[in-house]
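# Fold and geometry: a report
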Amino acid sequence: MLPENGPGFLKREAVPVLLFVLLALVPFVAALGAESYLLSLVTRVMIFAIAALSLDLILGYGALVSFGHAAFLGLGGYAVGILSAHGQTDALVQLPVALAVSALFALITGALSLRTKGVYFIMITLAFGQMAFFLAVSLAAYGGDDGMTLPGRSKLFGFDLLKSDRAFYYAVLLALLGAYGLCRSIVVSRFGRVIRGARENPQRMAAIGFPLFRYQLVGYVIAGTLCGLAGFLLANQAEFVSPAYMTWQRSGELIVMVVLGGLGTLHGAIIGAAAFLLLEEWLSGFTEHWKMIFGPFLVLVVLFARGGLMGAIRRIGGGGGHG
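Source: prediction; values computed, not measured.

### Some details on the overall build of the protein
- The helix and strand tally for the protein stands at 13 helices and two strands.
- The C-alpha atoms of the protein give 19 Å as radius of gyration, which agrees with the globular expectation for 323 residues (20 Å, within 12%).
- Seen along its three principal axes, the alpha-carbon backbone of the protein occupies a region of about 55 × 50 × 40 Å.
- Buried positions account for 50% of the 323 residues belonging to the protein.
- Within the protein, counting contacts between residues at least 6 apart in sequence, those at least 24 apart form 77% of the total.
- Just so you have it, the protein exposes about 15,100 Å², and 70% of that area is on carbon and sulfur atoms.
- Charged side chains of the protein number 21 positive and 15 negative; the gap between the two group centres comes to 15 Å.

Printed below as a string of structure tokens:
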């Protein structure tokens, strides 16, 4: 394995830098034609990249397979929708509420889910996710199964600073950069090393004296809160919120994004989200049954691209190790 300060490390660090530079340049490229479409598409990619990042934090580094992660996406979105329905449209109120609701739900469900392991953890997170889904469906005052349309994007200090697609694009890019920086800091910290140690050998970590349940619960809450941020942004981008945000199928798609990009790489989650959504956009132009084509492609990636797309990139570039 290459040392952390070796050339392989430099190559890996160059990947996220290149990613964010390319994302920052998209609005300038979009100005040459089809600006509204391109900005909308890449903004959606970045929002789901935040959700995938949050899942990678517990799945890629903690081996916690959550099949209810999309519940946090819906909770963040509904916080925006419900507050907007009652006349509270400022992001300085909506965002803290979205994060707080997501964190509280993660704390309660995580405290129960993390007392189980393996397939039992998967099933209980799925159950909690479905509970959140059916709760949203039952909210007839807020659209029920049909969802609800927002009056517009959130305001900042009472001004429509996010109304412009370009301004909103850069706000989402800034949120993605912040989420990536936070996750990166967590992963390389002592906290992150404990989470990774719990994945590799939980008995040894417990024997050393680390309270694994507390560490995993804090990681679960952080992941849920970040996904709530993605939900807040998604509701603003679509100006619509629906129970469909929190279905188990959406949770499955988030897992696919993380696996496709490469487990435990962070920037792999961004690449996986981009690959999934761009392929969806392209293949759906040929057939509504695009998943029949995407499924075999994903199988091929899992079989022949060990480590996902990031693993393939590392092999092509001659790098090694985790990102």
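### A closer look at the pattern of salt bridges
- The full count for this structure, using the stated rule, is four salt bridges.
- Taking the shortest distance from any N to any O, the salt bridge between R199 and E200 comes out at 2.8 Å.
- With a relative accessible area of 58%, E200 lands in the exposed category.
- Between E253 and R250 there is a salt bridge, with its nearest N and O atoms 2.9 Å apart. Linking E253 with R250, this pair stays in helix α10 (residues 248–261), spanning three residues, or about one helical turn. No difference in accessibility class separates E253 from R250, as the two residues are buried.
- Members of the salt-bridge network, linked through shared partners, are R153, D165 and E239.

### A word on the packing of helix α6 (residues 165–188) against helix α9 (residues 212–238)
- Two numbers describe how α6 lies on α9: the axes approach to 11 Å, and their chain directions differ by 175°. When the axis of α6 is compared with that of α9, the two are roughly antiparallel. Counting all contacts with α6, which are made through F168, V172, A175, A179, L182, C183 and I186, the residues of α9 involved are I222, L226, L229, L233, N236 and Q237.
- Counted by class, the contact of α6 with α9 contains eleven nonpolar, two polar and no charged residues.

### Brief notes about the side chain of T125
- Along the chain, the position of T125 falls in helix α5 (residues 118–138).
- Using a relative accessible area of 2% as the deciding quantity, one classes T125 as buried.
- What T125 contacts, discounting residues up to four positions off in sequence, is V65, S66, F67, G68, S113 and Y220.

### A word on the nonpolar core
- L176, L233 and F294 are the most contacted members of the largest nonpolar core, which totals 98 residues.
- When residues in this core are grouped by element, the largest group, 15 residues, is from helix α2 (residues 35–59).
- Look past the residues within four positions of F294 in its chain and what remains in contact with it is V256, L260, F276, L279 and L283.

Cut-offs applied
- Residues numbered from 1 in each chain as written.
- Predicted model: local features only at pLDDT ≥ 70, side-chain atom pairs only at ≥ 80, totals over all residues.
- Heavy atoms only, no water.
- Helix = DSSP H or I, 4+ residues; strand = E, 2+ residues; numbered from the N terminus.
- Rg over C-alpha atoms; globule rule 2.2 N^0.38 Å.
- Buried < 20%, exposed > 50% of the residue type's maximum accessible area, 1.4 Å probe, protein only.
- Contact = heavy atoms within 4.5 Å.
- Areas by Shrake-Rupley, 256 points an atom, 1.4 Å probe, with all protein chains shown as cover.
- Lys, Arg positive; Asp, Glu negative; His and termini not counted.
- Charge placed at Lys NZ, Arg CZ, Asp CG, Glu CD.
- Salt bridge = Lys/Arg side-chain N within 4 Å of Asp/Glu carboxyl O.
- Axes fitted to C-alpha atoms, helices over the stretch in contact; angles between N-to-C directions.
- Parallel < 35°, antiparallel > 145°, perpendicular 65-115°, else oblique.
- Nonpolar A, V, L, I, M, F, W, Y, C, P; charged D, E, K, R; others polar.
- Core = buried A, V, L, I, M, F, W, Y, C linked by side-chain atoms within 4.5 Å.

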